[in-house]
Structure formats: structure tokens, C-alpha cells
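Chain by chain, the residues:
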Amino acid sequence: MPDMLGLRRIVGFSALALWLSGCGATHQVTQGEPAIEQSALREPQPFTRLDPQRYTPEAWPEPLRAHVLLPSTQSSALRPAALVVHGGGWRNRGPEDMERIAEQLAAQGYVTVNIEHRFAPDYRFPAQLHDLQQAMAWIHANAATWQIDTDRIVGVGFSSGAHLVCLLALAGSDGPLADPYGGEHARLAAVMAGGLPSDLLKFDDGRLVVDFIGGTRAERPEAYALASPARQITAKAPPFFLFHGSWDQLVPVDHATDFYAALKAQGTLSELYLQRGRGHVTSFLLRGSAIEAGIAFLNRQVSLREAAYPSG
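Just so you know, the residues in each chain are numbered from 1, in the order the chain's sequence is written. A pLDDT threshold of at least 70 governs which residues receive local features in this predicted model, and a stricter bar of 80 or more applies before side-chain atom pairs are shown or counted, although totals over entire chains, interfaces and linings include all residues. Here the side-chain values reflect all heavy atoms present in the structure, with hydrogen atoms and water set aside.

Asks: Which residues make up the overall build of the chain, and what values do they have?
Replies: Counting its regular elements, the chain contains 11 helices and 10 strands. Here the chain has a C-alpha radius of gyration of 20 Å; the compact-globule value for 312 residues is 20 Å, and the two agree. In terms of overall dimensions, the chain has a C-alpha envelope of 70 × 55 × 40 Å along the principal axes. Sequence-distant contacts, at least 24 apart, represent 77% of the contacts inside the chain between residues at least 6 apart. Each accessible area is a Shrake-Rupley estimate made with a 1.4 Å probe; only the visible protein chains count as cover when residues are assessed. Surface summary for the chain: the accessible area is close to 13800 Å², and the carbon and sulfur share equals 53%. His is not counted here, nor are the chain ends, while Lys and Arg score as positive and Asp and Glu score as negative. Throughout, a charge is located at the NZ atom of Lys, the CZ atom of Arg, the CG atom of Asp or the CD atom of Glu. Here the chain carries 26 positive and 31 negative side-chain charges, and the mean point of each set is 3 Å from the other. Helix and strand definitions here come from DSSP, where helices need a minimum of 4 consecutive H or I residues and strands a minimum of 2 consecutive E residues; each element is numbered from the N-terminal end. For the radius of gyration, the atoms used are the C-alpha atoms, and the globule rule reads 2.2 Å times the number of residues raised to 0.38. A contact between two residues is defined here by any heavy atoms of the two lying within 4.5 Å.

Here you go:
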């Protein structure tokens, strides 16, 4: 006689796993059809993993390293690159969290630079943005060696890493946050951001954001606004792919929907991939289809840019 209770448990867990792994998504686009529906991902290609390298200069407050993956191509043609930034509330975690995503990008032909950054509360905003701007300068310095087309560098991040990448994309090249480490070298061609805290003024004065900014909203309102990607959108904004869990309680989903609406109103090409039934952590752990759609979006943007501005 089979164990019906055990069988029901197995079926129940299997159904839950199936639902969580593919419980569906709402996919919105500002123009046309989603990139993943226009073109499938390329066949994965091999890549080489370099030893972690310091990307910051000797005088930098902390030595910070980058994990670099190089596609194994025989051609001398220039390649896109991806700056990858981990989450962790601006205060912990590391590049290993983003390793699988970095590998997926490298397999699609991106030179992938997966970086460390300084942590709050020892270092407060905008120190972490300065780290990303320095990483971009380092990528440009190695562009010839690694065959990088510097006009096709994209940014990829999750949670606080998504926040930093988006802030780099929107304010790292122009305006007050471009000084002293930003400029043209910090410009991104496109962004994939998951679990994005887009407007820091929406949060209560919890420890993570207060430690990052160095004060409460009442104490430092201008810094909160300056550090909020949603408040830095201009006509120069690059294309964005956003993914977010609809049940996210740590970074509520309106951070994504409102940011997407603002990009759409601005006329910025964007896609919003809402993962139904996912929270903040599960949207990352069970991210498979979102990442595939996001990489298809990035592939589309770098291909369009290559066609418009051939590198030779």
C-alpha cells in the first residue's frame, strides 16, 4: 500500500516548486515586443576566468578587486562588456553572489567585470558610486587588451547593486555626482536591474538606508534625492530592463513600477518583468527566466548600438 500522505507531500512540494520556478510574470515594454520574443539567446560560448585583480589605484581608501571573465573568441573584433555589481544592502556580500549571472553574460560574449565595492557604514554615499566610476575607468584602461568596445558597456546589478548601477547610468557621467571620478568613461549603454530600490525617500528611516546615506530623511533630504535613481532620470537615460518580485516586502514593487512609468514618460526604451508571487530573495534565487529575458534585452541594445556606431 503506497504511503498516500508521503505521496501527497511529494506532489505538493513538486507543485510548489513548479509554481515558484515558473509561476509566471507580467512583461511590459515601452516599445514593440519584448526582446526575448524577438530573438533567442545565442548559443553559449566558452570563456576564460582571470584571477581576481585590483581595479582601484594605490591611493584608493581600500583595495578593491574585480572578477573578470573573457569570452574565448578567435576574432579580433571588439566585444561588449558588462559591469556587474552585487547586492547586500550596501554593507556586505560580494561578487560571488553574481557569479552565475556573470557566467551567463560571458557565455553570451560579454567581457564581464564583477566587482567589490566599499561598505557602509564605514563608507557612506557617494563612496560606492565612486568605486563604480573607478571600475569603469579601469575597464576603459584595459579595453584594448580585452578587445572591449567601450561604447557597448552595460551595467547589471541586483538590490543595492542594482541601485548603484542605475545611479551610475543616470548620474555617473553628468551632473554633481560626476565629480570627481565620473565623466564620459562612466557612461553605460544599457542596464539590467533586479529588486531595485529606485527612490530612497520612499523608505522609512531603517538602518540600512540611514547607514548608507549617513542620516535620516529629515536630516539629509538632498542626499536622499541625489542618491535616488528615480529622481535622476533625464533624456540621456540609457535603455533599462527591470525585474522585480510582485511580493517584495523589502523593496516594494512600486519602486520598479514607478521607475518604469517615469522612464516610459521620458521616452526611454525599457522593459519591466514582474515576477508573480516572488519576494525580494526569491526573485533573485528563482530568477532564471527573468535573467534570460534581461540578457536578450541587453543583447538587443548592444547589437543596435554596434549597427549604429560600428567599431571598425
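Asks: Report on the pattern of salt bridges, specifying residues and quantitative values.
Replies: One speaks of a salt bridge when a side-chain nitrogen belonging to Lys or Arg is within 4 Å of a carboxyl oxygen belonging to Asp or Glu. According to the stated counting rule, one finds 16 salt bridges in the structure shown. One salt bridge connects Asp-205 with Arg-217, and the closest N-O pair in it is separated by 3.1 Å. Here Asp-205, found in the loop between strand E8 (190-194) and helix H7 (207-213), pairs with Arg-217, found in the loop between H7 and helix H8 (221-226); they are 12 residues apart in sequence, far enough to count as distant. Partly exposed residues are those whose accessible area sits between 20% and 50% of the maximum for their type, while under 20% is buried and over 50% is exposed, using a 1.4 Å probe and protein chains only. We classify Arg-217 as partly exposed; its relative accessible area is 26%.

Asks: Residues and numbers for the environment of Ile-148, please.
Replies: In this fold, Ile-148 is placed in strand E7 (residues 148-158). By relative accessible area, Ile-148 is classed as buried at 3%. Here Ile-148 is in contact with Leu-78, Arg-79, Ala-81, Val-111, Ile-139, Ala-143 and Ile-153, once residues within four sequence places are set aside.

Asks: Describe in detail a nonpolar patch on the surface, supporting the description with residues and values.
Replies: Residues Val-281, Leu-285 and Leu-286 make up a contiguous nonpolar surface patch of roughly 280 Å² in combined accessible area. Tracing the backbone through its elements, the reader meets Leu-286 in the loop between helix H10 (280-285) and helix H11 (288-308). Candidate patch residues must exceed 30% relative accessible area and have no salt bridge, after which like charges are joined if within 9 Å and Val, Leu, Ile, Met, Phe, Trp or Tyr side chains if within 5 Å.

Asks: Could you give an account of the nonpolar core, with specific residues and numbers?
Replies: Leu-83, Ile-115, Leu-200, Ile-213, Phe-240 and Leu-242 are the most contacted members of the largest nonpolar core, which has 59 residues in total. It is helix H6 (residues 160-171) that contributes the most residues to this core, 9 residues altogether. Apart from residues lying up to four places away in sequence, Leu-242 is in contact with Ala-193, Leu-196, Ala-256, Phe-259, Tyr-260, Leu-263, Glu-271, Leu-272 and Tyr-273. Residues belong to a common nonpolar core when they are buried Ala, Val, Leu, Ile, Met, Phe, Trp, Tyr or Cys residues joined through side-chain atoms within 4.5 Å. The next biggest cluster of nonpolar side chains, apart from the first, holds 24 residues, and it includes Met-98, Phe-158, Ala-290 and Ala-296.

Asks: Which residues make up the packing of aromatic side chains, and what values do they have?
Replies: Put simply, two rings from Phe, Tyr or Trp (the six-membered ring, in Trp's case) pair if the centres are within 6.5 Å, and we call them stacked under 30 degrees between planes, edge-to-face over 60, tilted for the rest. Overall, the coordinates contain 10 aromatic pairs when judged by the stated rule. Ring geometry for Tyr-55 against Trp-138: centres 6.3 Å apart, planes inclined by 50°, an arrangement best described as tilted. In this pair, Tyr-55 sits in the loop between strand E3 (53-54) and strand E4 (65-71) while Trp-138 sits in helix H4 (residues 127-141), placing the two residues 83 residues apart along the sequence. Taken as a pair, Tyr-55 and Trp-138 share a single burial class, namely buried. Aromatic pair Phe-241 and Phe-297: ring centres 5.9 Å apart, planes at 45°, arrangement tilted. Of this pair, Phe-241 sits in strand E9 (residues 240-245) while Phe-297 sits in helix H11, and the two are 56 residues apart along the sequence. An identical accessibility class is assigned to Phe-241 and Phe-297; each is buried. Lying over the aromatic face of Tyr-123, Arg-118 brings its terminal NZ or CZ to 5.0 Å of the ring centre. Whether a charge sits over a ring comes down to the Lys NZ or Arg CZ being within 6 Å of the ring centre and within 35 degrees of the ring normal. Positioned above the aromatic ring of Phe-284, the side-chain terminus of Arg-287 is 4.4 Å from the ring centre.

Asks: So what's going on with the side chain of Gln-301? Which residues, and what values?
Replies: Turning to its location among the elements, Gln-301 is positioned in helix H11. Owing to a relative accessible area of 9%, Gln-301 belongs among the buried residues under this scheme. Dropping the residues within four chain positions of it, Gln-301 is found in contact with Ala-190, Pro-239 and Leu-269.

Asks: Give me unusual backbone geometry: which residues, what numbers.
Replies: Looking along the chain, the bond that leaves Ala-120 and enters Pro-121 is cis, with omega of 0°. Take Pro-121: it is sitting in the loop between strand E6 (111-115) and H4. The omega torsion of the bond from Phe-125 to Pro-126 falls at 10°, within 30 degrees of zero and hence cis. Looking at the element boundaries, Pro-126 is found in the loop between E6 and H4. Although it is not a glycine, Gln-147 adopts a positive phi angle of roughly 55°. Positionally, Gln-147 belongs in the loop between helix H5 (143-146) and E7. The exposure class of Gln-147 is partly exposed, given its relative accessible area of 21%.

Keep in mind these values describe shape, not function.
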